[in-house]
Each structure stands twice: as structure tokens, then as C-alpha cells.
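Below are the chains, spelled out letter by letter.
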Amino acid sequence: MSDNKKESCGSGCGCHNGAPDESLFNRRNVLKAAGATLGVAAFAKAMAPITEWKETTSVDEFLQTHYRELSNDQLDEVIARLEEETKKDYGADVTITDHRPQMGVKFGYALNLSICIGCRRCAEACHHENNHDRATSNSYIRVLEMTKGSMDMEKGNVHYDHPVPHPDKFYMPVQCQQCDNPPCVDVCPVEATWKEEDGIVVVDYNWCIGCRYCEAACPYHARRFNWKKPVVPKNEINPNQSYLSNRIRPQGVMEKCTFCLHRTREGRMPACLEACPTGARVFGNLLDPHSEIRKVIDTKRVFVLKEELGTRPSFFYFFDE
Ligand code: SF4
Ligand code: SF4
């Protein structure tokens, strides 16, 4: 169940930190108005042909309030409902927690391209940790095989299939860069995606309408769309889940890397880092001058991808000198 709740303003308005911004939550208003006219089921089917719509979907479920507007009691109810649904749909007992950002933390990630060997174990760990659809082998990480001398990620080959590392190549894993100026957030018409205080860009899967604008806007190809309901065998489901990260996503919504916030907000490392056999990955708190990530930033010649776009990634790359 949820923990680390934000404080309500005490006005009974249901917000967490003062008055809610009504512009944030216009999806609810649109849905309520249209639902009153058409009937919720008819409207839902017309509005989102790909989005999962079960005959048993309740009005409450369809009209669920935006995550940032839920009161603590409402959030507990939502989480209980989601845990029950996972039990019914997948047969698995899972715990969905509401991990919140910690004060004084801004996460950053760095990758040493000199020692990445392109083994894709990070991508495989991501696949399992985040309960991705087994049929697709989906992962939030794309490992690009790059020709030495080129730094253009668009020229990288994600489909290489030979023993690694190849002597003429180097390898560049790319995932969400948790941009400080995220174009994906700007384009979302219903504000279903936003940047949290610790720098992680998240999606409320129960608010996303599946328009895929954010996928088109991301210059790093970091977002994934759930074309089908994910299939994960019961005994392979990671039961330690979080509302904003690795709970099993519904069909018809967007998903993305959250730096494993269900782990990192508990002080643990991302699954991809733990799986890396060469130690190419460095993660930590950019605001802590003694952290490993700060040591890298302060002592290596780091660079970011597509700097010219002004996205200001929190993901850095470097080579050993
Ligand atoms: S990398 Fe893409 S998905 Fe991640 S914050 Fe930047 S624009 Fe958004
Ligand atoms: S697909 Fe992306 S842009 Fe569209 S509603 Fe969902 S999060 Fe927002």
C-alpha cells in the first residue's frame, strides 16, 4: 500500500501541496462532461479505441482522478484496486507502493563508454525488473553498436547479432535521459506525464490517453507504447511495484524508464546498474558532493546526447582518458 504521502493543504480539496492547478486536470473534466452526454462506456470506446476497456470497468475506475490530485485515502483505494486487478488478471500477489521523491535528491546517471561491452545484460535486467511484456522482449534500454569515431546515435545499430565486443565498434546504451527540459512533457495534452522533484520524468498510466505525442517528441526514442496488454507469467512477475514505475501497465498507454524509482527512492541502485558485468554504469545523487556520480561529473570529460536540442539530460557519457 502507499506510503510517503504528501501533506494535504487541509482544505478538503484533495490536493497534496496547496490548491490544485485546475489546468492540470482537464482530462477529468472533459471525460465527465462527455460521459454525462454519451454514457461513460460509449464515450470511452469512442475516445480511445486502443486503450483497454473491459466490460467490468467501473465508472470510478475510468474517471479516476489524476495522481497528483488524489487524496491519501483515494490513493489507497486506487492502489488496492490495482493490486486486486493484478491478482485477477495475472494470478500474482503484488505490492504497489507510492514512492515519493526524497528531499535534497536529484538523480543522475553516467555511463563509461570505454568499458561497456554491448552484452545487453542491462536491457535484459530492465525487462524483468519492470514487468515488460515477455512476447516483445521490450526494455527501456536500447544498446547501440557504434562505429568508432562516430557519436551520432541515429547511426547506431540496435539489431547487432554477433559476439561482443566487436573490435571495430563501441557500445552506447540509451534510455530516458530524464531531461531537465523534457519535450515529452511539454506536448502531452492532458498532463499525464511530468518531471518530479528528484528529476525523474514519470507517467500516470491511469491518466494517459495514449495519443503518443510524447513518443514522437522524445529525441532519444525513450518512450514505449503498450499496443497490447502485457503478458507476463505469474511466476516471473516482479511483485515489488510502484504506482509510477513498474506496476504492469494497461494496454494503450505510454511507459518509460524511471531510473527504477521503486528501487532508487529506497536507496538502492537501478536494476540495469546491478546487472552490468563491467561496472560501466554510475548512478547517484547529483546534489551530494561526495557521491560517485558527482566524482564522475567533476573528474571526467562528460558529454550528453544531442546537447544542441537544449533538453538538458541528467544522463551523462564519458570515455576513460
Ligand atoms: S529522454 Fe525522452 S522521455 Fe526522457 S525526459 Fe527526455 S524527452 Fe522525455
Ligand atoms: S501518450 Fe504521452 S502525450 Fe499522450 S496522453 Fe499519454 S503521456 Fe500524454
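Residues numbered from 1 in each chain as written. Chains lettered and ligands numbered in written order. Predicted model: local features only at pLDDT ≥ 70, side-chain atom pairs only at ≥ 80, totals over all residues. Heavy atoms only, no water.

Enquirer: Describe in detail the pattern of salt bridges, supporting the description with residues and values.
Expert: On inspection of all chains with the given rule, the structure shows 18 salt bridges. Two residues, K106 and D180, come together in a salt bridge whose shortest N-O distance is 3.2 Å. Of this pair, K106 sits in the loop between strand 1 (95-97) and strand 2 (107-112) while D180 sits in the loop between strand 4 (169-174) and helix 6 (183-187), placing them 74 residues apart in sequence. Residue D180 is classed as partly exposed on the basis of its relative accessible area of 28%. (Salt bridge = Lys/Arg side-chain N within 4 Å of Asp/Glu carboxyl O. Helix = DSSP H or I, 4+ residues; strand = E, 2+ residues; numbered from the N terminus. Buried < 20%, exposed > 50% of the residue type's maximum accessible area, 1.4 Å probe, protein only.)

Enquirer: Please set out unusual backbone geometry residue by residue, giving values where relevant.
Expert: Cis geometry is found at the peptide bond from V164 to P165, where omega equals -5 degrees. Along the chain, the position of P165 falls in the loop between strand 3 (142-147) and strand 4. Positive phi is not limited to glycine here, since R120 has a value of about 65 degrees. Mapped onto the elements, R120 comes out in the loop between strand 2 and helix 5 (121-129). Its identity is not glycine, yet Q178 carries a phi of approximately 45 degrees, on the positive side. Residue position: Q178 is located in the loop between strand 4 and helix 6.

Enquirer: Kindly report on the site of ligand 1, identifying the contributing residues and their values.
Expert: The environment of ligand 1 is made up of C176, Q177, C179, P182, P183, C184, V201, C218, P219, Y220, R223 and K256. A per-class count over the shell around ligand 1 returns 9 nonpolar, 1 polar and 2 charged. (Near = heavy atom within 4 Å. Nonpolar A, V, L, I, M, F, W, Y, C, P; charged D, E, K, R; others polar.)

Enquirer: A description of the confidence of the model for the chain should follow, citing residues and the corresponding values.
Expert: Looking at the chain, pLDDT values average 87 and 81% of them are 70 or higher. Low pLDDT, under 50, characterises residues 1-25; the stretch is placed with 64 contacts to residues that sit more than four places away or in other chains. (pLDDT = per-residue confidence, 0-100. Contact = heavy atoms within 4.5 Å.)

Enquirer: Quick rundown of the sheet that holds strand 10 (residues 281-285)? Include the residues and the values.
Expert: The mixed open sheet is built from 3 strands, whose spatial order is 10-2-11. Lying at the two open borders of the sheet, with one neighbouring strand each, are strand 10 and strand 11 (315-318). Each strand axis lies, on average, 20 degrees off the axis of its neighbour in the sheet, ignoring direction. Pairing analysis gives 5 bridges linking strand 2 to strand 10, with the strands arranged antiparallel. By the bridge assignment for strand 10, G108 is matched with G284. The strands that helix 10 (residues 292-299) touches are strand 2, strand 10 and strand 11; relative to strand 10, the one it contacts most, it runs at about 110 degrees. (Pairing = 2+ DSSP bridges. Axes fitted to C-alpha atoms, helices over the stretch in contact; angles between N-to-C directions.)

Enquirer: Describe the site of ligand 2, listing the residues and the values that go with them.
Expert: Contacts to ligand 2 come from C188, P189, V190, C208, I209, G210, C211, R212, Y213, C214 and M254. Split by residue class, the shell around ligand 2 holds 9 nonpolar, 1 polar and 1 charged.

Enquirer: Lay out the nonpolar core with the relevant residues and their values.
Expert: Counting 54 residues, the largest nonpolar core has M172, V174, Y243, F259 and Y317 as its most contacted members. When contributions to this core are tallied by element, the ones reaching two or more residues are helix 4 (72-90), strand 2, helix 5, strand 3, strand 4, helix 9 (271-275) and strand 11. Broken down by element, this core gets its largest block of residues, 5 residues, from helix 4. Once you skip the residues sitting within four places of it in the chain, Y243 turns out to touch Q64, Y67, V78, I79, L82, I96, T97, D204, Y205 and N206. (Core = buried A, V, L, I, M, F, W, Y, C linked by side-chain atoms within 4.5 Å.)

Enquirer: Quick one: what's the story with the packing of aromatic side chains, residue by residue and with numbers?
Expert: Evaluation of the coordinates by the stated rule reveals 14 aromatic pairs. When the centroid spacing of 5.0 Å and the interplanar angle of 25 degrees are considered together, the rings of F107 and F283 count as stacked. Of this pair, F107 sits in strand 2 while F283 sits in strand 10; the two residues are 176 residues apart in sequence, bridging distant segments of the chain. You can call F107 buried: its relative accessible area is 8%. Classification of F283 by relative accessible area gives buried; the value is 5%. When the ring of F259 is compared with that of F315, the centres are 6.4 Å apart and the planes differ by 50 degrees; the resulting orientation is tilted. Remark: F315 occurs in strand 11 and F259 occurs in the loop between strand 9 (254-256) and helix 8 (261-264); sequence separation between them is 56 residues. Comparing F259 with F315 shows no difference in burial state: the two are buried. Among the aromatic residues, ring-to-ring pairing joins F107, Y109, F170, F259, F283, F303, F315, Y317 and F319 into one connected group. When the ring centre of F225 is taken as reference, the NZ or CZ atom of R212 above it lies at 5.4 Å. Its guanidinium or amino end placed over the ring of Y243, R247 lies 4.0 Å from that ring's centre, counting from NZ or CZ. (Phe/Tyr/Trp six-rings, centres within 6.5 Å; stacked < 30°, edge-to-face > 60°. Lys NZ or Arg CZ within 6 Å of the ring centre and 35° of its normal.)

Enquirer: Tell me about the pairing of strand 11, and name the residues and values.
Expert: Burial of the side chains of strand 11 extends over both faces: F315 and Y317 are buried on one face and F316 and F318 on the other. Relative to strand 11, strand 2 runs parallel, the two being bridged by 4 bridges. Directly across from A110, in strand 11, lies its bridge partner F316.

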